[in-house]
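Structural overview
Each chain, letter by letter, is given below.
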Amino acid sequence: MTNALIVIDVQNDFCPNGALAVAGGDEIIARINAMMEDFDATILTQDWHPAGHSSFASSHTGKAPYSLIDMPYGAQVLWPDHCIQGTKGAEFHSELHTDPADMIIRKGFNPAIDSYSAFFENDHKTPTGLEGYLRTRRITTLTMVGLATDFCVQYSALDAVRLGFDTTVLESACHAIDLDGSLATARAAMQDAGVKLEP
Ligand code: VGL
Ligand code: ZN
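Predicted model only: the values in this text are computed from it and were never measured. (Residues numbered from 1 in each chain as written. Chains lettered and ligands numbered in written order. Predicted model: local features only at pLDDT ≥ 70, side-chain atom pairs only at ≥ 80, totals over all residues. Heavy atoms only, no water.)

As a further point, take unusual backbone geometry. Look at the link from Leu147 to Ala148: it is a cis peptide, with omega at -10°. Position of Ala148 relative to the elements: it lies in the loop between strand 6 (141-147) and helix 3 (149-162). Not every positive phi belongs to a glycine, and Arg138 is a case in point at roughly 60°. The exposure class of Arg138 is exposed, given its relative accessible area of 62%. (Helix = DSSP H or I, 4+ residues; strand = E, 2+ residues; numbered from the N terminus. Buried < 20%, exposed > 50% of the residue type's maximum accessible area, 1.4 Å probe, protein only.)

What follows covers the packing of aromatic side chains. Scanning all chains against the criterion turns up six aromatic pairs. Members of the aromatic cluster, each reached through a chain of ring pairs, are Tyr66, Trp79, Tyr116, Phe151 and Tyr155. Just above the ring of Trp48 sits the side chain of Arg106; from NZ or CZ to the centre is 3.7 Å. (Phe/Tyr/Trp six-rings, centres within 6.5 Å; stacked < 30°, edge-to-face > 60°. Lys NZ or Arg CZ within 6 Å of the ring centre and 35° of its normal.)

Taken as a whole, the largest pocket holds about 440 Å³ of empty space. When residues of the lining of the largest pocket are traced back to their parent elements, those giving at least two are strand 4 (74-77), helix 3 and helix 4 (182-193). Classifying every residue of the lining of the largest pocket by side-chain character gives ten nonpolar, seven polar and two charged. (1 Å grid on protein atoms, 1.4 Å probe; cavity = no way out; pocket = protein on both sides within 12 Å on 5 of 7 lines; lining within 4 Å. Points joined across faces, edges and corners; volume = space filled by probe spheres on them. Nonpolar A, V, L, I, M, F, W, Y, C, P; charged D, E, K, R; others polar.)

With that settled, consider the site of ligand 1. All residues adjacent to ligand 1 are Asp9, Phe14, Leu20, Asp47, Trp79, His82, Leu147, Ala148, Phe151, Cys152 and Ile177. At 3.3 Å from an oxygen atom of ligand 1 is found a main-chain nitrogen or oxygen belonging to Leu147. A distance of 3.0 Å separates an oxygen atom of ligand 1 from a polar backbone atom of Cys152. Contact with the protein chains hides 100% of the accessible area of ligand 1, taken as 260 Å² for the molecule alone. Across the shell around ligand 1, the residue classes break down as eight nonpolar, one polar and two charged. (Near = heavy atom within 4 Å. Polar contact = N/O pair within 3.5 Å; in protein donor to acceptor, adjacent residues only side chain to side chain. Areas by Shrake-Rupley, 256 points an atom, 1.4 Å probe, with all protein chains shown as cover.)

Nothing here speaks to function; it is geometry throughout.
The following block contains the structure:
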């Protein structure tokens, strides 16, 4: 068994004072840093949108942040502008240890499709390349931590089990956005799909 720690989107915009701040988002960082040495590989993901991205409410006239829109690939939540390529908000939080990372995978750079999952864009078809990276490194077992539990962590974990990886979400090292009960829905979906939820 070769295991990897997948650290999802621990970026300034998802931490307090960020554009899409997750309450307590920075409180998980010390724990994540300490875990890195226990894994064969550490992989970081980075939400990385071009300005004017189609997941931004500001790109749709008359649409408010956190409302829903129908995209060709399905329903999409519209977000405040966040994690714009090259901005301070898109940088990793300064407390996150990035030197131990073997690989940093960026996602959400396609202007027309959002990408919550570290494996596939929100059309559930366009790969990010992470699957091939893990398989060629013979990594079979994944532990996921980071932000946000109910969006990028959830979608990454669901894709991971579907692809056959042994997948655990360590809930104390994640934080949720929790829009209209989305955390409870996400936990149930992950459990049903065979993701191991650990405190
Ligand atoms: C995320 C909403 C939009 C996340 C990314 O990292 O969970 N959520 N972009
Ligand atoms: Zn995003």
